[in-house]
Amino acid sequence: MSSSPKPDRLKKAILYAALVVFVLLSVEATAQLMYWVRYVWLSEGTESFQVRSFTRLVADARHVTTIPNFSSPTSEGWEISTDAFGFRSGAQITNPECPSVVFIGDSVPFGYGGPGRASMPSKLFEHLQKANDPRCVINAAIPSYSLFQAVARFEREILGKFKINALYLQIIDPALQFARFGAQWRPDIDWTTERTVVKQRSDKIASIAIVRDVLRHFEVLKAVDQDSLDRYRLEIRRELERLHDMAVQADVKQLVVAPVTVPASSYRQYPEEVQIAFDTINDEFSKFAGRHEDTTFVDTIKLLRSYPNDEIFLDRCCHLTERGNDLVAEQLTKILIRK
């Protein structure tokens, strides 16, 4: 009698199934490692502002704020100091009783990468003094802040505490977070909270996420789906209107907003989803100014690109040299005095 081949076939089937499972698990393990390197480990080198030497964590929508009376010439590789109110120092002096031009936003109006006297608010104060304008200036921007954090700081630390004559807002985020998270993006995701969200995402099937990113790179899939983009627009619009309501409450005479402004060469190198995120928030800022007579959209992109021979940017991102800050401050002075 011949032996039955069934046991051999069964063993082979089990072996093949085990090999398939092993290959799939190996692929996923490799993908998880690649995903972690790209989105968790390397992300720390792009923006590492979660808690810096001059900031501290807070348990509200700001997530972080500056430390009052901080002073260090070297802690960030460049001089930084704050006054008794936690605002960055410069040529200006914070005075709660003086009608002030208040800057809110991120590292660009803050003056990241240079001394306080080279910042945009400090330069504006110098221009106002030359024009015999008595207004004071407050630098309430913080590096890495998103739109939602900036508005939260205005609400908690400035509204009702200072005489605000004019308000300037410039921001990049939530553009980068939206480009990164897409449909999973939420307004509370920023450079302070995004690492937690990334770690939550890494629990998912990383190989699928990587394949999706590759398909987006080769434009097989859309970089941003329309529903997510519409929600992103709506959240920005709501927050800008909330800021305007508070500005009216504070009797602010002028509200000035500026677009995300990066070197033209850098913009062309950004992935499509980042370009879309930048263009969308800039469009919402422009439309916001168009809806309100007391609001001005100052086109810093056009302004700074009209000086191609000047050293405008400190880096490939968005941070301005003293010359760049002075150009914006000069244009802002014309707007403030003209009104």
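Analysis parameters
Residues numbered from 1 in each chain as written. Predicted model: local features only at pLDDT ≥ 70, side-chain atom pairs only at ≥ 80, totals over all residues. Heavy atoms only, no water. Buried < 20%, exposed > 50% of the residue type's maximum accessible area, 1.4 Å probe, protein only. Helix = DSSP H or I, 4+ residues; strand = E, 2+ residues; numbered from the N terminus. Pairing = 2+ DSSP bridges. Polar contact = N/O pair within 3.5 Å; in protein donor to acceptor, adjacent residues only side chain to side chain. Axes fitted to C-alpha atoms, helices over the stretch in contact; angles between N-to-C directions. Core = buried A, V, L, I, M, F, W, Y, C linked by side-chain atoms within 4.5 Å. Contact = heavy atoms within 4.5 Å.

1. Some words on the pairing of strand S8 (residues 254-258)
Extensive coverage of S8 is indicated by the burial of 5 of its 5 residues. Burial along S8 is two-sided: the face carrying Gln254, Val256 and Ala258 and the face carrying Leu255 and Val257 are both buried. The pairing of strand S7 (residues 164-170) with S8 spans 5 bridges and is classified as parallel. By the bridge assignment for S8, Tyr168 is matched with Val256. Here S8 runs beside strand S9 (residues 295-297); their pairing, made up of 3 bridges, is parallel. When the sheet's bridge partners are listed, Val256 is paired in S9 with Thr296.

2. Things to note about unusual backbone geometry
Peptide bonds are trans in most cases, and residues, glycine excluded, mostly fall at negative phi. You will see that His63, though not glycine, has its phi angle at about 70°, which is positive. Tracing the backbone shows His63 in the loop between strand S1 (55-57) and strand S2 (64-66). For Asn69, which is not glycine, the phi torsion reads 55° and is therefore positive. With respect to the helices and strands, the residue Asn69 is situated in the loop between S2 and strand S3 (71-72).

3. Considering the environment of Trp191
Among the structural elements, Trp191 can be located in the loop between helix H5 (175-181) and helix H6 (194-201). For Trp191, a relative accessible area of 6% puts it in the buried group. Separated by 17 residues in the primary sequence, Trp191 and Pro174 place their C-alpha atoms 9.4 Å from one another. A distance of 2.8 Å separates a polar atom in the side chain of Trp191 from a polar atom in the side chain of Asp173.

4. Examining the sheet that holds S7
Within the open sheet, the 5 strands sit side by side as S6-S5-S7-S8-S9. Their pairing is parallel. A strand with exactly one partner marks an edge of an open sheet, and here the two such strands are strand S6 (136-139) and S9. For this sheet, the mean angle separating the axes of adjacent strands, direction not counted, is 20°.

5. Re the nonpolar core
A general tendency of soluble globular proteins is for nonpolar side chains to be buried together. Ranked by size, the top nonpolar core spans 73 residues in total, and within it Ile104 and Leu169 carry the most contacts. Excluding anything up to four places from it in sequence, Leu169 contacts Ile104, Gly105, Leu147, Ala150, Leu240, Leu243, Val256, Val257, Ala258 and Phe285.

6. With respect to the side chain of Thr300
Checked against the element boundaries, Thr300 lands in helix H11 (residues 300-305). Residue classification places Thr300 among the buried positions, given a relative accessible area of 1%. Here the side chain of Thr300 touches Thr261 through a polar contact of 2.6 Å, side chain to side chain. In contact with Thr300, not counting residues within four places along its chain, are Tyr168, Gln170, Ala258, Pro259, Thr261 and Val328.

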